Structure formats: C-alpha cells, structure tokens
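Each chain, letter by letter, is given below.
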Amino acid sequence: MINHVKYELSTNILTVLDQRKLPDEEIFLNCSNGEEVAIAIENLTVRGAPLIGVTAAYGILIVWNNFLKKGSDLKVIQDDLAKYMERLSKTRPTAVNLFWAINEMKLIVNSNRSIDEINSKLLKRAIDIHEHDIENNKKIGVFGASLLKNTKNILTHCNAGALATGGYGTAVGVIRAVHDLNPVIHIWVDETRPVLQGARLTAYELYKEQIDHSVICDNMAASLMSKGKVDGIVIGADRITKNGDTANKIGSYSLAVLADYHKIPFIVAAPQSTIDFSLEQGSEIPIEERDPMEIKMVGNRWLTPRKSNVFNPAFDVVPSNLITAIVTELGISEYPYSFKK
Ligand code: MRU
C-alpha cells in the first residue's frame, strides 16, 4: 500500500500524497508549516474524515515544533497554537475527526505540564492517532467482513479507503477483509460526482490490490439493484450522531433509500472518532458546500453554461433507520442506535 502520509521528526515535515492528481500522477507534497497543512486539508490534497484528523494532528505538531525552535515561552506558544487550531477548525466543517483530533492535541498543549513533557506527549499523541487509526480500521474490516462475507457484489461510494484514513481504510478496509476470505468478490465503485473520489481513488486502490471492480456512474446503482446485482453496500462516514444518523459523501442517502427498497444490507464502517457524542441527530450536522466550479468544469472543459447556477453540497445524511449496521473498532451495532461515550 502506498505510504500517503508520513511525518519526519528530524525535518519536522509532513509529506502527503496529492490526492487531487490521482490516478494519473503520484505526486507528494511537503508541508513544513501549519498554513501549508491547513491548505492541504482545505483544497483536498488530503481528504477523507480520518485522514483529515491525522493530518490536523501532525499540523499542530509541526506548528509546536516550529515555535520551540524559535525559543518562544510556553504561554506564547499556547496562545499562538490556539489561533492555529482555530484556523484548522475552519478548513472543513463536516468531518468530525478534524475537531476530535484538534481537541486531543489541545488537551495536551493546555495541560499543566512542562515544555519537555508537552513536547514528548504531543509527538506520541500525533503518532498514536495515526497508528491507532490503521489498527482500528483492521478491526472494523474483520467485523464488517463477518456481515458481508457471503456476498458476491458489494457497492461502495466515494473513497473510504487507505487514502481516506491513516491506512487500510474503513469501507474499503471491509472490502479488503471480505476479499481475503473470498477473492472472487466483485466491487461496484460509484464514480461519485463531482470530485470523483470513487472513480479516481477507490478504483486506484482496488486496481493496485487486484480486487475485481467496475466503476459505474452514480445514476446506475438503482438499475443494478433492481436486477439483483448488488448484495451489499458499505460506505464510510464523516460524522455519526448519537442516534446513528450518518453524514457521508453526497449520494449516500439516495443509496440508502434504494437499499431499503431493494432489501439490500446497508453498512456504515467508521472509527469511534467519527461519532459526535455532542449531537443527537443528523439535522444538527453542518454540511459543507463546496466551490461551484467542481460541478461546472472538468479539467479545462465547461460542463454547464458559464452563468448557470449550481448547488454543491459535499455531504448528505443517511437516517439511522435506513442503516442495517454501523461497524466500529468496538464491534457491530444495529438500529436503534444510541451511542454512548
Ligand atoms: O470530501 P471528502 O473526499 O473528504 O469526503 C470523503 C467521504 O465522504 C468519505 O466517505 C468519508 O470521509 C469516510 S473516509 C474513511
């Protein structure tokens, strides 16, 4: 699996694979200051809820180390880091893993410890957030595979793979684990307009792993389901509320409605860090609206009249009653959900 996110302490640089360029080019970008990390999250160089959290934790570590090099005193560093965390929290609104990771780092920065203690704890926490994410995804994979191991055709939406996480993936992690048990599995990959995370990123991962797959346009899923060609659906999540309502890439809700109509299991795979214990239900989740140009142009080509209005919400919310199971590293939950800390 490609190493798409790597922090080097000796240089204090975070190297990330530029996901905007995939699948054509594998280009890595170096982030050596906090602003570069914030921009990488904002402009989708890195994306996917868990990876956004991992990247934010490294961003805070980079800013901390840069202040230490300048010899600033602790109070000044804490105040400046608070400003940086504020900046990071404005990058993307929906994936709660961003706010979770910022908070994990904030607890250490503002703890009553010496500079040296904070220094070693921050480094450890950032690395743990990254490594635990990979371990958690592997556990999610095993739980998820127990639900989908007897399926022939699984459909997934967007990219909830290694690229969207610290590694291995959530929904694609489940697919990997099913594939380990049953190598003849076939995956339908929704292309996922407008940013095409399915066509560009999920297909890239499955192709590299030699997992049999076919990319489809988003509007083809219903017809496949009506013909009995989809046995299970697995998606990731950007934020899950206490009652199990799940925000994920736009188009997830329509898939869940279709799955319900066609009696197809609809599985959400996500780490516990994606559960927002402060929200009761999905209507409270902030939904990111992205640049209209994502819809209006592909590459250099205009797809709409230049002055047409477009509407570009990046996520929608799947009501929990349409979700057959939510799988986290702790196990499998079923409707009615009531997640507790
Ligand atoms: O806009 P993106 O590419 O960050 O959206 C990503 C998704 O919606 C993923 O499905 C979700 O973050 C889960 S990733 C494991």
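Predicted model, so just to flag it, every value in this text is computed and none were measured. (Residues numbered from 1 in each chain as written. Predicted model: local features only at pLDDT ≥ 70, side-chain atom pairs only at ≥ 80, totals over all residues. Heavy atoms only, no water.)

> Got a minute to help me understand the overall build of the chain in this structure?
Scanning the chain from N- to C-terminus turns up 10 helices and 16 strands. Radius of gyration (C-alpha) of the chain: 20 Å, near the 20 Å computed for a compact globule of 341 residues. Its C-alpha atoms give the chain principal-axis dimensions of about 65 × 45 × 40 Å. With 341 residues in all, the chain has 55% of them scored as buried. Expressed as a percentage of contacts within the chain between residues at least 6 apart in sequence, the contacts between residues at least 24 apart total 73%. In the form shown here, the chain has an accessible surface area of approximately 15,000 Å², with 53% of it arising from carbon and sulfur atoms. For the chain, the distance from the average site of its 37 positive side-chain charges to the average site of its 40 negative ones is 2 Å. (Helix = DSSP H or I, 4+ residues; strand = E, 2+ residues; numbered from the N terminus. Rg over C-alpha atoms; globule rule 2.2 N^0.38 Å. Buried < 20%, exposed > 50% of the residue type's maximum accessible area, 1.4 Å probe, protein only. Contact = heavy atoms within 4.5 Å. Areas by Shrake-Rupley, 256 points an atom, 1.4 Å probe, with all protein chains shown as cover. Lys, Arg positive; Asp, Glu negative; His and termini not counted. Charge placed at Lys NZ, Arg CZ, Asp CG, Glu CD.)

> Help me understand the environment of L148 in this model?
Position of L148 among the secondary structure elements: in helix α5 (residues 115-148). Accessibility expressed as a relative area gives 0% for L148, which makes it buried. The spatial distance from the C-alpha of L148 to the C-alpha of I175 is 8.6 Å, given a sequence separation of 27 residues. Each residue touching L148, except ones within four places of it in the same chain, is listed here: I154, V174, V178, G232, V234 and I267.

> Explain helix α1 (residues 34-42) here, please?
Side chains that are three or four residues apart share a direction in an α-helix, a result of its 3.6 residues per turn. G34, V37, A38, A40 and I41 are the residues of α1 that are buried. Along the axis of α1, the buried residues cluster in a sector spanning 160°; they form a single face. Here the buried face of α1 lies against β2 (13-17), β3 (28-31), α2 (49-70), α3 (74-89) and α4 (96-109). In this structure N33 caps α1, since a side-chain oxygen of it lies 3.1 Å from the backbone nitrogen of E35. (Arc of directions from axis to C-beta. Polar contact = N/O pair within 3.5 Å; in protein donor to acceptor, adjacent residues only side chain to side chain.)

> Just checking my understanding: could you explain the pairing of strand β6 (residues 213-216) for this structure?
In the case of a regular strand, side chains alternate between the two sheet surfaces. Bridge analysis of strand β5 (residues 186-190) against β6 gives 4 bridges, and the strand direction is parallel. In the strand pairing of β6, W188 is matched with S214. The handedness of the β5 to β6 crossover, carried by helix α7 (residues 197-209), is right-handed. (Pairing = 2+ DSSP bridges. Right-handed = clockwise from strand over helix to strand, strands pointing away.)

> What am I meant to see in the site of the ligand here?
The local shell around the ligand holds 18 residues, among which R47, R92, D238, N248 and K249 are the closest. Within the backbone of G48, a nitrogen or oxygen atom sits 2.9 Å from an oxygen atom of the ligand. Contacts to the ligand include Q197, whose side-chain N or O atom sits 2.9 Å from an oxygen atom. Among the secondary structure elements, those contributing two or more residues to the shell around the ligand are α2 and β9 (246-249). The residue inventory of the shell around the ligand, partitioned by class, reads 7 nonpolar, 7 polar and 4 charged. Two domains each provide a minimum of three residues to the shell around the ligand, namely domain 1 (5-134) and domain 2 (139-334). (Near = heavy atom within 4 Å. Nonpolar A, V, L, I, M, F, W, Y, C, P; charged D, E, K, R; others polar. Domains from an automatic or database assignment.)

> Mind showing me how you'd approach the packing of aromatic side chains here?
Per the stated rule, a full pass over the model turns up 3 aromatic pairs. Arranged with centres 6.2 Å apart and planes meeting at 70°, the rings of Y335 and Y337 form a pair that is edge-to-face. Consider the rings of Y337 and F339, whose centres lie 5.9 Å apart with planes at 15°: the pair is stacked. Taken as a pair, Y337 and F339 share a single burial class, namely buried. Each member of the aromatic cluster is reached from another via a ring pair, and the members are Y335, Y337 and F339. Between R176 and the ring centre of Y168, over which it is positioned, the NZ or CZ distance is 5.7 Å. (Phe/Tyr/Trp six-rings, centres within 6.5 Å; stacked < 30°, edge-to-face > 60°. Lys NZ or Arg CZ within 6 Å of the ring centre and 35° of its normal.)

> Where do I start with the nonpolar core in this structure?
Nonpolar side chains tend toward joint burial in soluble globular proteins. With 39 residues, the main nonpolar core has L14, I41, Y58, I60, L81, L88 and L122 as its most contacted residues. For this core, the secondary-structure elements that each account for two or more residues are β1 (5-8), β2, α1, α2, α3, α4 and α5. At 13 residues, α2 tops the list of elements feeding residues into this core. Excluding residues that lie within four positions of it along the chain, L122 makes contacts with L61, W64, M105, I108 and V109. (Core = buried A, V, L, I, M, F, W, Y, C linked by side-chain atoms within 4.5 Å.)

> Explanation requested: the sheet that holds strand β14 (residues 315-318) in the structure shown.
The strands that make up a sheet pair up through hydrogen bonds in the backbone, lying either parallel or antiparallel. Here we have 4 strands laid out as an open sheet, ordered β11-β8-β9-β14, and mixed in their pairing. Two strands bound the open sheet, and with one partner strand each, they are β11 (275-276) and β14. Pairing analysis gives 4 bridges linking β9 to β14, with the strands arranged antiparallel. Paired with T246 across the bridge in β14 is V318.

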